[in-house]
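# Understanding the architecture of this molecule
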Amino acid sequence: TELGPGWANAVSNDGRVVVGFQSGTGRIWTEEGSEELTPPWGQYESWATALNEDGSIIFGGAFGPTTLGVGSATYRWENGSFTPYTLETFTLASRTSDDGSVFGGSTGEYVEGPFRPVIWTNNGTTLIENLPGSLVDVSRNGELVLLNTPEEGFLYELATGDQTPVGFRANGMNGDGS
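This text gives an overview of the structure that appears in the document.

What counts as what
Residues numbered from 1 in each chain as written. Predicted model: local features only at pLDDT ≥ 70, side-chain atom pairs only at ≥ 80, totals over all residues. Heavy atoms only, no water. Pairing = 2+ DSSP bridges. Helix = DSSP H or I, 4+ residues; strand = E, 2+ residues; numbered from the N terminus. Axes fitted to C-alpha atoms, helices over the stretch in contact; angles between N-to-C directions. Buried < 20%, exposed > 50% of the residue type's maximum accessible area, 1.4 Å probe, protein only.

## As for the sheet that holds strand S16 (residues 163-165)
Strand order in the open sheet made by the four strands is S13-S14-S15-S16, with antiparallel pairing throughout. Either end of the sheet is taken by a strand with one partner, and the two such strands are strand S13 (134-138) and S16. For this sheet, the mean angle separating the axes of adjacent strands, direction not counted, is 30°. Where strand S14 (residues 144-148) and strand S15 (residues 153-157) come together, five bridges link them in antiparallel fashion. Its bridge partner lying in S15, Val-145 is registered against Tyr-156.

Right under this line is the structure:
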């Protein structure tokens, strides 16, 4: 399938599903064609940034009216339904675990920031208060996330909350978190 003008942000593990952004709208591309992720509730721009291993759960966001005013909200698209995740005026999802049970990104009051990493799981939300920055990656099993501050990166262990400096800012990690 030809993607046309736009951005591809993530690909399923088998390469059959691609998600991204085209002409102001989040999009899913497959061998069969493309599907628009129509923003819910009067929002006027959407994007898709992450998906689980088989492409059945997609994460992204939309800009426009949210429960907190005009801003951006993170959404989980699954089986044709949207689930919103909003903490502050601007909330952006960036990565997910293979099964889609752990995902995260950044949240902040203003589009210019400052932003803080946020992690969502089936058990709730974790906002990393002591680290300004963003969530960069999630391990395949969802046990570790990679966080970046303006100065360096950290591995964050979900089970314990332990933060281990990696000594530099990183763009990603291996699937097992190493």
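We are not done yet, so read on.
## Quick look at the pairing of S13
With four of its five residues buried, S13 lies for the most part within the structure. Inspection of the sheet shows S13 paired to S14 by four bridges, in the antiparallel sense. What sits directly across from Val-138, in S14, is Val-145. Two successive antiparallel strands, S13 and S14, enclose a turn made up of five residues, where Gly-142 displays a positive phi of approximately 80°.

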